[in-house]
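Architecture and fold: a report
Below, each chain spelled out in residue letters.
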Amino acid sequence: MNRLRVAAIAFDGMAPFELGIVVEVFGLARPELGVPWYELTVCSPDPSPLRAVGGIGLVADHGVDALAGAGTVIVPAWPRIGEPVPAELLDALRDAHDKGARVVSICSGAFVLAAAGLLDGRRAATHWRYADALRRARPAVDVDEGVLYVDDGDVLTSAGSAAGIDLCLHIVRGDHGSAIANQVARRLVVAPHREGGQAQFIDRLVADADDDRLQAAMSWALEHLHEPITVGQLAARAFMSVRTFTRQFRRATGASPMAWLIEQRVRASMTLLETTDQPVEWVGAATGFAAPASYRRHFRRLAGVSPSQYRRSFTAEARPLRAA
């Protein structure tokens, strides 16, 4: 099953943003990246033309039978929560998944995957506003409203609209490696990876008067990951007391300063593991871990595998994929 063949679903009455994310990431040709890129087909269970929020008209050239040839099927936000999903689409989703396609949802698209029975017994994400509704609609789904996305192998789900960008970049990272995903992120002018989960956005302001000072401290830390860094140093960079800085930092990111710093170091080490042949101990030291054991422990906790296992996996996955 060629996962570079992507099929996205368009619905009558949908908001166009989530579909736009899919088109932007997977539908644009990117010959400058030097790897086989995705082939995107947009299809719909509804007859064209479709109406989108804002008075926009859409025409999908294909019906859901196009899912049969896709290795990746993406369901953007479902616009009619509480209403039945077309049986034709549910059958096509089940059939595609049974044949080996990975299925992906963005925001309320999780309701469609749930209706198809593809989320039963699995952990899944959706927008935090819809989490309780999804639990009621499908009690067999383990709904996690605190994360930006969930990768459960052949079924991937994201939280609210913008989290779809995070998940799409995660998919690119898994298919082509971090270096390619980072280039795509730069073209989108977004972060390759956002820290924390959507819990930080639940009924809470994400910006305040100190954000510029926090950002300055975080930017400095990212440039000095190879050096010892203390919370006191970060607080001084933000012109705050340690106590105030820690409180403001957690409010803005959902994590403590040191937890954030450790994750940045692990993320930076992933790139070195993928792009260099240096020993694991060297990679850990180059990204600020004082002891190899500490590096391995934190890496496994965050990545779920050892640095060596990660290198073997992503060195293989980053090789150019052949389009079938």
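Treat the numbers as computed from the prediction; the structure is a model and nothing was measured. In this numbering scheme, every chain counts its residues from 1 along its sequence in written order. Only residues with pLDDT of at least 70 get local features here, since the model is predicted, and only at 80 or more are side-chain atom pairs given and counted; chain-wide, interface and lining totals rely on the full set of residues. Hydrogens and water molecules were not included; the side-chain quantities draw on all heavy atoms of the structure.

To continue, consider the pattern of salt bridges. Between Lys or Arg on one side and Asp or Glu on the other, a salt bridge is scored when a side-chain nitrogen of the former is within 4 Å of a carboxyl oxygen of the latter. Applying the stated criterion across every chain yields a total of 15 salt bridges. Linking Arg123 and Asp144 is a salt bridge whose minimum nitrogen-to-oxygen distance equals 3.0 Å. Placement of the pair is Arg123 in strand 7 (residues 123-124) and Asp144 in the loop between strand 8 (142-143) and strand 9 (149-151), with a sequence separation of 21 residues. Two residues, Arg267 and Glu263, come together in a salt bridge whose shortest N-O distance is 3.4 Å. Of this pair, Arg267 and Glu263 both sit in helix 10 (residues 257-275), separated by four residues, roughly a single helical turn. Members of the salt-bridge network, linked through shared partners, are Arg122, Asp152 and Asp154. Each helix is a run of DSSP H or I of at least 4 residues and each strand a run of E of at least 2, with the numbering of both proceeding from the N terminus.

Another point: the nonpolar core. The nonpolar core is taken to be a set of buried Ala, Val, Leu, Ile, Met, Phe, Trp, Tyr and Cys residues, with the residues joined through side-chain atoms within 4.5 Å. The buried label applies to any residue whose accessible area, calculated with a 1.4 Å probe on protein chains only, is under 20% of its type's maximum; exposed applies above 50%, and partly exposed to all values in between. The biggest cluster of nonpolar side chains holds 67 residues, and the ones touching the most others in it are Phe26, Leu67, Leu89, Leu93, Val112 and Val172. Considering each element in turn, this core owes the most residues, six residues, to helix 5 (residues 163-176). Aside from chain neighbours lying at most four places away, what touches Val172 is Val25, Phe26, Trp37, Tyr38, Gly177, Ile180, Ala181 and Val184. In this structure, Met218, Leu225, Ala235 and Ala238 belong to the second largest nonpolar core, which totals 16 residues. Note on definitions: a residue-residue contact is assigned when non-hydrogen atoms from the two residues lie within 4.5 Å.

Before going further, it helps to examine the environment of Gln215. The topology assignment puts Gln215 in helix 7 (residues 211-223). Residues Gln215 and Phe249, spaced 34 residues apart in sequence, show a C-alpha to C-alpha distance of 9.6 Å.

Our focus in this paragraph is the packing of aromatic side chains. Stacked, tilted and edge-to-face are the three classes assigned to paired rings of Phe, Tyr and Trp, where Trp is represented by its six-membered ring and a pair needs centres within 6.5 Å; plane angles under 30 degrees give stacked, over 60 edge-to-face, the rest tilted. Here the structure, examined in full by the defined rule, presents nine aromatic pairs. Aromatic pair Phe289 and Tyr295: ring centres 5.1 Å apart, planes at 45 degrees, arrangement tilted. On the basis of relative accessible area, Phe289 is assigned to the buried category, the value being 7%. With centroids separated by 5.8 Å and ring planes inclined at 70 degrees, the aromatic side chains of Tyr295 and Phe299 adopt a geometry described as edge-to-face. Within this pair, Tyr295 and its partner Phe299 are both found in helix 12 (residues 292-303), separated by four residues, close to a single helical turn.

It is worth spelling out the sheet that holds strand 9 at this point. Backbone hydrogen bonds are what pair the strands of a sheet, in a parallel or an antiparallel way. Read across the sheet, six strands follow the order 2-1-5-6-10-9 without closing on themselves; strand pairing throughout is mixed. Two strands in the sheet have a free side with no partner beyond their single neighbour: strand 2 (39-43) and strand 9. Mean inter-strand twist for the sheet, computed between neighbouring axes without regard to direction, equals 15 degrees. Bridge analysis of strand 1 (residues 5-9) against strand 2 gives five bridges, and the strand direction is parallel. Looking at strand 2, one finds that Val6 is bridged to Leu40. The sheet strands contacting helix 1 (residues 16-27) are strand 1, strand 2 and strand 5 (72-75), and the helix crosses strand 2 at an angle near 155 degrees. Between N-to-C directions, angles span 0 to 180 degrees; the directions come from axes that are lines fitted to C-alpha atoms, helices contributing only their stretch in contact. Contacts from helix 5 reach strand 6 (102-105), strand 9 and strand 10 (155-158) within the one sheet, and its direction differs from that of strand 10 by about 145 degrees. Pairing between two strands requires that DSSP report at least two bridges joining them.

Before going further, it helps to spend a moment on unusual backbone geometry. The backbone of Cys107 shows a phi angle near 55 degrees, a positive value even though the residue is not glycine. Within the secondary structure, Cys107 is located in the loop between strand 6 and helix 3 (110-115). A positive phi angle, close to 55 degrees, is found at Phe239, a residue other than glycine. If you trace the backbone, Phe239 turns up in the loop between helix 8 (231-237) and helix 9 (242-253). Overall, the relative accessible area of 69% leaves Phe239 in the exposed class.

Between its first and last C-alpha, helix 5 extends 20 Å over 14 residues, near the 20 Å set by a 1.5 Å rise per residue. Along helix 5, twelve of the 14 residues are buried, which leaves the element largely enclosed by surrounding structure. Downstream of helix 5 by one or two residues, Gly177 has phi in the positive range, about 95 degrees. To estimate the expected span of a helix, subtract one from its residue number and multiply by 1.5 Å.

Residues Val155 and Thr157 point to one face of strand 10 and Leu156 and Ser158 to the other, with burial holding for every one of them. Relative to strand 10, strand 6 runs parallel, the two sharing three bridges. Within the sheet, the bridge partner assigned to Val104 lies in strand 10 and is Leu156. Summarising the sheet, strand 9 and strand 10 pair through three bridges and their orientation is antiparallel.

The geometry of helix 5 relative to helix 6 (residues 178-188) is characterised by a closest axis approach of 7 Å and an angle of 145 degrees between their N-to-C directions. As helix 5 runs across helix 6, the sense of the crossing is right-handed. Facing helix 5, whose interface residues are Ile165, Leu169, Val172, Arg173 and His176, helix 6 presents Ser178, Ile180, Ala181, Val184, Ala185 and Leu188. Of the residues contributing to the contact of helix 5 with helix 6, the split by class is eight nonpolar, two polar and one charged. Left-handed describes a crossing whose near helix is turned anticlockwise from the far helix through less than a right angle; right-handed describes the clockwise counterpart. Basically, the charged four are Asp, Glu, Lys and Arg, the nonpolar ten are Ala, Val, Leu, Ile, Met, Phe, Trp, Tyr, Cys and Pro, and anything else, Gly included, counts as polar.

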